[in-house]
Amino acid sequence: MRLLVIAAVALAAIALAGIAWGKRHARRLQRERHIRIDRYKLKRRYRAVEREVLGDPEVAGTMEAYAREHRVSVGEAERLARRYLLEIVPKFNLLAYYRIGAPVAKAIMHLLYRVVVELKPIREFSERHRGAVSVYMINHRSNADYVLVAHMLFKFISLSYAIGEWARIWPLNHLFKWFGGYFVRRRYREPLYHAVLSKYVQTITMHGVTQGVFLEGGLSRDGAFQKPKLGMLDYIVTAKRNVDFTAPLFIIPTAVNYDRVLEDRVLTEELMGKEERSTRSEKLRATFDFLFRNLWRSIAGRFKRYGYAIVAFGTPISVDAFIRDHPAVLAPSFEQRKPDVQRLAAMVMNSIAASMPVTPVTLVAHLFAHHPKAMSDSEIAAGLDELMRAWQGRVWMLREKRGSEVWLAARRVLELRGLVKPVERWRDDLFDRGGIPTIEDAWEWTPEELLLRDYYANALRTDR
């Protein structure tokens, strides 16, 4: 028994020493890298956040309404509000973010993709608007978006993401909270919860926490933009009601695009009828097969990356300027605010669409979607050259500058997945010496994979 007590004390001492070392190491890391940390993201600020959120008159009024409606005491309603807040608030860990999260994110993204980011606009914005509060509003193509954008910006800032219910499972819930994420129940209609959430978002916005928000709310099933969700945008803008919030507030439209979205088959299957969809066991088997094949390719040295993953930024939108032009966006009732919130959401989505980076696979998919017949290598290259000339205003950050180079880069990814296949076709305009039409090699999009063709082609649509 005595040995067990001694062992327990020794383990506790080791744990405390490890925690103390971790804190010292984190502080030293912060000083060495000159890292700016948003104080209201740190766990030790929880009491201050709690006072501001639960002490707010609107939240207090909602607690009283909840108590009357559910015939409970105000104290019970307040305890429920505290549980909601505790569920939402992150537990940002500097050491976990910069010593674990950042290296792992870098390793994963560079293993899977050729990562490109347009950092110049962010550097220029940071120099021009020191002290401004920034919210990155991002289109949502993959769950890898969290990793991609955070990895590309971690040298400048650490983003606090609004994360959906899918990540509220162990151990993802702890990991995302350590990395500064806060959870949002997107389909939860309880007014008390939304009162707590809105006040929390307003509080961290006012105190300068840099946030990342997926304005569409969820992942696109057909590859095109979804209708924007207004809730988070409304919470962020109405933070400007507070007269103490004098710092400039900007929305930075952020566009992400991939040559391969890891969940593309799962997403596009939802467009099929129920009888055509894969069963749960088939999906599980396909997932394990995917992991096994890629693990074997890695061991054999034959693993090939999935093409490009690109992040680009639109022109920052001044929320203060928008409020001056549309003062009704701060009206007391959401129904009064809604038209102007929708107008602002449309501005953001249009800026994201204009900033959407072109990748080889999306460009080739667009070409095949508009020319569904088989095409030769030269015809594909010519078609891509024509698109590139017509779309000179689009965001181009590719090493490949000619259509033939873009086709070669895309073909590596598409052939690996069986999305395009070689075919032979008769050329009636070309004849051999006997007057017989010539057969030539060509490419067609695999007929069984048209959903994926349209999914990637829709990424470049500007209409919504």
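Here the structure is a predicted model, which means the values were calculated and not measured.

This part takes up the overall build of the protein. Helix and strand content of the protein: 18 helices and ten strands. The proportion of buried residues among the 464 residues of the protein is 50%. Summed over all atoms, the accessible surface of the protein reaches about 24400 Å², with 56% contributed by carbon and sulfur.

To continue, consider the packing of helix 3 (residues 57-70) against helix 4 (residues 74-88). Here helix 3 crosses helix 4 at 120°, and the two axes come no closer than 8 Å. The angle between helix 3 and helix 4 places the two elements in the oblique class. Between helix 3 and helix 4 lies a crossing whose hand is right-handed. Counting all contacts with helix 3, which are made through Met63, Glu64, Tyr66 and Ala67, the residues of helix 4 involved are Val74, Ala77, Glu78, Leu80 and Ala81. Tallied by class, the residues present in the contact of helix 3 with helix 4 amount to seven nonpolar, no polar and two charged.

Let us look at the confidence of the model for the protein. Scored by pLDDT, the protein comes out at a mean of 82, with 76% of its residues at no less than 70. Taken together, the stretch residues 1-21 has pLDDT below 50 and engages in one contact with residues farther than four places along the chain or on a different chain.

Tallying each qualifying case throughout the model produces twelve aromatic pairs. Ring centres 5.2 Å apart and planes at 85° place the aromatic pair tyrosine 84 and tyrosine 193 in the edge-to-face group. Placement of the pair is tyrosine 84 in helix 4 and tyrosine 193 in helix 9 (residues 191-206), with a sequence separation of 109 residues. Given the relative accessible area of 5%, tyrosine 84 is considered buried. Consider the rings of tryptophan 407 and tryptophan 443, whose centres lie 5.7 Å apart with planes at 75°: the pair is edge-to-face. With a gap of 36 residues between them, tryptophan 407 in helix 17 (residues 403-417) and tryptophan 443 in strand 10 (residues 437-445) connect regions that are remote in the sequence. With respect to class, tryptophan 407 is no different from tryptophan 443; both count as buried. A connected cluster of aromatic rings, assembled from ring pairs, spans Phe368, Trp407, Trp443 and Trp445.

Before going further, it helps to spend a moment on the side chain of glutamine 211. The topology assignment puts glutamine 211 in strand 5 (residues 211-214). With residues near it in sequence (within four places) discarded, glutamine 211 still touches Ser134, Val135, Tyr136, Leu159, Ser160, Tyr182, Val201, Ile204, Thr205 and Ile236.

Their axes nearest at 9 Å, the elements helix 2 (residues 46-54) and helix 9 cross at an angle of 125°. By the angle between their directions, the pair helix 2 and helix 9 is classed as oblique. Like other packed secondary-structure pairs, helix 2 and helix 9 cross with a definite hand, here right-handed. Between helix 2 and helix 9, the residues in contact are Val49, Glu52 and Val53 and Val196, Lys199, Tyr200, Thr203 and Met206, respectively. For the contact of helix 2 with helix 9, the class distribution of residues is five nonpolar, one polar and two charged.

A separate point is a positive patch on the surface. A contiguous patch of positive charge, built from Arg187, Arg189, Lys227 and Lys229, is present on the exposed surface. Locating lysine 227 in the fold gives a position in the loop between strand 5 and helix 10 (231-237).

A cluster of nonpolar side chains, namely Ile100, Val104 and Ile108, defines an oily patch on the protein surface of about 250 Å² accessible area. With respect to the helices and strands, isoleucine 108 occurs in helix 5 (residues 94-112).

A separate point is the environment of proline 332. Turning to its location among the elements, proline 332 is positioned in the loop between helix 13 (319-325) and helix 14 (334-355). Judged by relative accessible area, which is 73%, proline 332 ranks as exposed. Sequence-wise, proline 332 and arginine 241 are 91 residues apart; in three dimensions their C-alpha atoms are separated by 9.8 Å. Apart from the residues lying within four places of it in its own chain, the contact partners of proline 332 are Arg241 and Arg337.

Looking now at the side chain of threonine 359. For threonine 359, the location among the structural elements is in the loop between helix 14 and helix 15 (360-370). Look at threonine 359 and you get buried, because its relative accessible area is 0%. A polar atom in the side chain of threonine 359 sits 2.9 Å from the side chain of aspartate 259. Ignoring any residue separated from it by four or fewer positions in sequence, one finds threonine 359 in contact with Asn257, Tyr258, Asp259, Tyr308, Ile310 and Leu398.

Across all of its chains, the model carries 18 salt bridges by this definition. Between glutamate 449 and arginine 265 there is a salt bridge, with its nearest N and O atoms 2.9 Å apart. Pair noted here: glutamate 449 is in the loop between strand 10 and helix 18 (450-457) and arginine 265 is in helix 11 (residues 264-269), with a separation of 184 residues, a long-range link. Taking relative accessible area as the criterion, arginine 265 reaches 34% and is therefore assigned partly exposed.

Our next topic: the environment of proline 103. Within the fold, proline 103 resides in helix 5. Along the chain, proline 103 and histidine 151 lie 48 residues apart, while their C-alpha atoms are 8.5 Å from each other.

Taking 1.5 Å as the rise per residue, helix 16 (residues 377-390) with 14 residues should run 20 Å; its terminal C-alpha atoms sit 20 Å apart, in good agreement. Those residues of helix 16 that fall on the buried side of the exposure criterion are Ile380, Ala381, Gly383, Leu384, Leu387 and Met388. Considered in projection along helix 16, the buried side chains sweep an arc of 160° and stay on one side of the axis. Structural note: helix 16 exposes Ser378, Glu386, Arg389 and Ala390 on the side pointing more than 90 degrees away from its buried face.

Classification of lysine 227 by relative accessible area gives exposed; the value is 71%. Taking the C-alpha atoms as reference, lysine 227 lies 8.6 Å from leucine 215; in sequence the two are twelve residues apart.

Calculation notes
- Residues numbered from 1 in each chain as written.
- Predicted model: local features only at pLDDT ≥ 70, side-chain atom pairs only at ≥ 80, totals over all residues.
- Heavy atoms only, no water.
- Helix = DSSP H or I, 4+ residues; strand = E, 2+ residues; numbered from the N terminus.
- Buried < 20%, exposed > 50% of the residue type's maximum accessible area, 1.4 Å probe, protein only.
- Areas by Shrake-Rupley, 256 points an atom, 1.4 Å probe, with all protein chains shown as cover.
- Axes fitted to C-alpha atoms, helices over the stretch in contact; angles between N-to-C directions.
- Parallel < 35°, antiparallel > 145°, perpendicular 65-115°, else oblique.
- Left-handed = near helix turned anticlockwise from the far one by under 90°.
- Contact = heavy atoms within 4.5 Å.
- Nonpolar A, V, L, I, M, F, W, Y, C, P; charged D, E, K, R; others polar.
- pLDDT = per-residue confidence, 0-100.
- Phe/Tyr/Trp six-rings, centres within 6.5 Å; stacked < 30°, edge-to-face > 60°.
- Patch = residues over 30% accessible without salt bridge, like charges linked within 9 Å, V, L, I, M, F, W, Y side chains within 5 Å.
- Salt bridge = Lys/Arg side-chain N within 4 Å of Asp/Glu carboxyl O.
- Lys, Arg positive; Asp, Glu negative; His and termini not counted.
- Charge placed at Lys NZ, Arg CZ, Asp CG, Glu CD.
- Polar contact = N/O pair within 3.5 Å; in protein donor to acceptor, adjacent residues only side chain to side chain.
- Expected span 1.5 Å × (residues − 1).
- Arc of directions from axis to C-beta.

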